[in-house]
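One letter stands for each residue in the lines below.
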Amino acid sequence: NNNNNNNENIVNRLTTDLLIAADGANSFVRSQINENSCNKNPSSSSPFPLHKHSYHRKAITFTVKLQTPINGTAYQRFMPNGPMALLPIWNPTNSSSSSSSNSSTTAYYANIVWSTTPEQCEQLQNLPMEDLIHELNERLQSGPQINPSLFGTTHTTTHSHSSSSSSPSSSPSMFSKLLQEVDMLARSINNGVTMSSWTEHPERAFRLPPLIDSIVGQRFAFDLNCVHAQNYVQPRVALIGDAAHTIHPMAGQGLNLGMADAQCLAKHLISNLNGGMGPSCSSGLQYALQSYQSERQRETWAVMAGIQALHELFGLQFGFGVFVRSLGMNLMNHSSFLGGFVKHRLVRVAAGFDGVFASNGHAGGAAAAGNRSSSRRHCDVACSTTETVTQMQSKQSL
């Protein structure tokens, strides 16, 4: 409508063959569709019902300046209240300066994501910068800790006969001695596996991250929740990325899941196009959307279960649980089988090269081939991003 006094263009209605909601965890598209459906038929269920689970944690994130390059390496420290991650980001370089001056003038940056309790998160937000930098460096620079006793503090058993002053009430019982011996043996095995791994494979040894020099910009905090849409698709609508699922940032899998969503959806849409069914064909489009939903929900549930398992595993604080966790990580790092096939597979899934059940590389190859064969065809698709959504009016009809 160009007849207003301010000559502003206001879009009242968008028409498209396919609407892809890629507008984040608080998806405007998803909420508007649910709201419109409820207004039209209050007794019907929402098109995109959500399953929510709170981790009872908050994350604080900000950018830091480093004293030395991070060299594309991510560091993570697991602490009782939650993990802290130092994540590499793109760093600009001054190519016009000489190498000698470049080393002294180039700034190196990284991002901090610290998951902790709401109370500690508030303290970190209000902490003076120098104190926060000291806190970060102290935690990130601390080396591996000695595991606690498997059975907690071993108490000695005493005789209850007060009249027998000569009884050895201060000496440990046979059972207590046995627990101590088992505890020492188990921890020695765990430490031995660690040290042998570092000796035989120096590249696997513990490495300290770069020191943090200063904090750049503001500190942001957000609640950590697990949110999953029961449906990823409805007729002519698809959710991808955080609009469909939001998970704990522990392993950094949110971005990988979102990119795999886009890749999978493109693969099925291109397959439809190659079969002669464009987005205007309702039955063909719905088949492609259902195929996308089936494939991605299976992958997402598997990743969410793995993240939840890690969250619970690294939240264990009792001695035996810490020992099992530590030994398992050491065996994964040292064993030729676990450190070979299993770790290689986990790394490929975590890096987004493969899915839990399928190879993303195959999907990418199919998408690339489909793009070449269908480049001359017209596909009417609207992709809703955060930027475009903020320009929409709340009264518009979707």
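Conventions adopted
Residues numbered from 1 in each chain as written. Predicted model: local features only at pLDDT ≥ 70, side-chain atom pairs only at ≥ 80, totals over all residues. Heavy atoms only, no water. Helix = DSSP H or I, 4+ residues; strand = E, 2+ residues; numbered from the N terminus. Buried < 20%, exposed > 50% of the residue type's maximum accessible area, 1.4 Å probe, protein only. Contact = heavy atoms within 4.5 Å. Areas by Shrake-Rupley, 256 points an atom, 1.4 Å probe, with all protein chains shown as cover. Arc of directions from axis to C-beta. Polar contact = N/O pair within 3.5 Å; in protein donor to acceptor, adjacent residues only side chain to side chain. Salt bridge = Lys/Arg side-chain N within 4 Å of Asp/Glu carboxyl O. Expected span 1.5 Å × (residues − 1). Pairing = 2+ DSSP bridges. Axes fitted to C-alpha atoms, helices over the stretch in contact; angles between N-to-C directions. Parallel < 35°, antiparallel > 145°, perpendicular 65-115°, else oblique. Left-handed = near helix turned anticlockwise from the far one by under 90°. Nonpolar A, V, L, I, M, F, W, Y, C, P; charged D, E, K, R; others polar. Phe/Tyr/Trp six-rings, centres within 6.5 Å; stacked < 30°, edge-to-face > 60°.

**Student:** Which parts of the structure should I look at to understand the overall build of the chain?
**Tutor:** Tallying secondary structure elements over the chain gives 11 helices and 10 strands in all. With 398 residues in all, the chain has 34% of them scored as buried. Taking as baseline every contact in the chain between residues at least 6 positions apart, the subset at least 24 positions apart corresponds to 76%. Accessible area for the chain stands at about 22,900 Å²; split by element, carbon and sulfur atoms hold 55% of it.

**Student:** In this structure, what is going on with helix 3 (residues 118-126)? I would like to understand it.
**Tutor:** Because an α-helix packs 3.6 residues into every turn, residues spaced three or four apart end up facing the same way. The complete set of buried residues in helix 3 reads Gln-120, Cys-121 and Leu-124. For helix 3, the angular spread of the buried residues around the axis is 105°, confining them to a single face. Turned more than 90 degrees from where helix 3 packs its buried face, Glu-119, Glu-122, Gln-123 and Asn-126 sit exposed. Among the structural elements, strand 2 (50-66), strand 5 (108-116), helix 4 (129-141) and strand 6 (212-229) are those in contact with the buried residues of helix 3.

**Student:** Is there a simple way to explain the side chain of Thr-116 in this structure?
**Tutor:** Relative to the assigned elements, Thr-116 resides in strand 5. A relative accessible area of 0% means that Thr-116 is categorised as buried. A distance of 2.3 Å separates a polar atom in the side chain of Thr-116 from a polar atom in the side chain of Gln-120. Beyond its immediate stretch of four places on either side in the chain, Thr-116 contacts Arg-57, Lys-58, Asn-81, Cys-121 and Leu-124.

**Student:** What is the right way to look at the pattern of salt bridges in this model?
**Tutor:** Working definition: two side chains of opposite charge can pair if their charged atoms are close together. This model, assessed by the stated rule, comprises five salt bridges. Between Arg-296 and Asp-261 there is a salt bridge, with the nearest N and O atoms lying 2.6 Å from each other. Within this pair, whereas Arg-296 is found in helix 7 (residues 282-313), its partner Asp-261 is found in helix 6 (residues 253-274), the two being separated by 35 residues in sequence. Here Arg-296 falls in the buried class, since its relative accessible area comes to 3%. One salt bridge connects Glu-295 with Lys-267, and the closest N-O pair in it is separated by 3.1 Å. In this pair, Glu-295 is assigned in helix 7 and Lys-267 in helix 6, connecting sequence segments 28 residues apart. Bridged by salt links that share partners, the residues Arg-345, Arg-348 and Asp-354 form one connected network.

**Student:** In this structure, what is going on with helix 6? I would like to understand it.
**Tutor:** In a regular helix each residue adds 1.5 Å, so 22 residues correspond to 32 Å; helix 6 covers 31 Å between its end C-alpha atoms and thus fits that length. Looking one or two residues past helix 6, Gly-276 carries a phi angle of roughly 90°, positive in sign.

**Student:** Would you take a moment to explain the sheet that holds strand 5 for this structure?
**Tutor:** On the basis of which strands lie adjacent, the open sheet formed by six strands has the order 3-4-5-2-6-9 and antiparallel pairing. Looking at strand neighbours, the two that pair on one side only are strand 3 (75-79) and strand 9 (245-246), the edges of this open sheet.

**Student:** Can you help me understand the environment of Thr-106 in this one?
**Tutor:** Here Thr-106 lies in the loop between helix 2 (99-105) and strand 5. Spatially, the C-alpha atoms of Thr-106 and Asn-91 are 8.8 Å apart, while their sequence positions differ by 15 residues.

**Student:** I keep staring at the side chain of Thr-117 and nothing clicks. Help me out?
**Tutor:** With respect to the helices and strands, the residue Thr-117 is situated in the loop between strand 5 and helix 3. Polar side-chain contacts of Thr-117 include one of 3.2 Å to the backbone nitrogen of Gln-120. Residues contacting Thr-117, with those up to four places away along its chain left out, are Arg-57 and Asn-81.

**Student:** Explain the packing of helix 6 against helix 7 to me, please; I cannot follow it from the model alone.
**Tutor:** The relative placement of two packed helices comes down to the angle between their axes together with the axis-to-axis distance. Helix 7 packs onto helix 6 with a crossing angle of 160° between their chain directions and a minimal axis gap of 9 Å. Of the possible angle classes, the one that applies to helix 6 and helix 7 is roughly antiparallel. Of the two elements, helix 6 crosses helix 7, and the hand of that crossing is right-handed. Two secondary-structure elements touch here, helix 6 through Gln-253, Leu-257, Ala-260, Asp-261, Cys-264, Leu-265, Lys-267, His-268, Leu-269 and Asn-272 and helix 7 through Gly-284, Leu-285, Tyr-287, Ala-288, Leu-289, Ser-291, Tyr-292, Glu-295, Arg-296, Thr-300, Val-303 and Ile-307. For the contact of helix 6 with helix 7, the residue count by class is 12 nonpolar, six polar and four charged.

**Student:** Teacher, can you tell me more about the pairing of strand 3 here?
**Tutor:** Each regular strand shows side chains that alternate between the opposite faces of the sheet. Of the two faces of strand 3, the one lined by Tyr-75, Arg-77 and Met-79 is fully buried and the one lined by Gln-76 and Phe-78 carries no buried residue. With five bridges joining them, strand 3 and strand 4 (residues 82-88) adopt antiparallel strand pairing. Bridge pairing in strand 4 links Met-79 to Gly-82. Between strand 3 and strand 4, which pair antiparallel one after the other, the connecting turn spans two residues.

**Student:** Would you mind going over the packing of aromatic side chains with me for this structure?
**Tutor:** Pairs of aromatic rings are described using the distance from one ring centre to the other and the angle between the two planes. If you walk through the whole model with that rule in mind, you get one aromatic pair. Judged by centre distance (6.3 Å) and plane angle (45°), the rings of Tyr-232 and Tyr-292 are tilted. One end of the pair, Tyr-232, is in the loop between strand 6 and strand 7 (233-234); the other, Tyr-292, is in helix 7, and 60 residues separate them in sequence. Residue classification places Tyr-232 among the buried positions, given a relative accessible area of 0%.

**Student:** What am I meant to see in the environment of Val-64 here?
**Tutor:** Position of Val-64 relative to the elements: it lies in strand 2. Judged by its relative accessible area of 0%, Val-64 falls in the buried class. Taking the C-alpha atoms as reference points, Val-64 and Tyr-108, separated by 44 residues in sequence, lie 8.5 Å from one another. In this structure Val-64 touches Leu-86, Tyr-108, Tyr-109, Ala-110, Ile-112, Leu-136, Ile-212, Ser-214, Ile-215 and Val-216, once residues within four positions along its chain are discounted.

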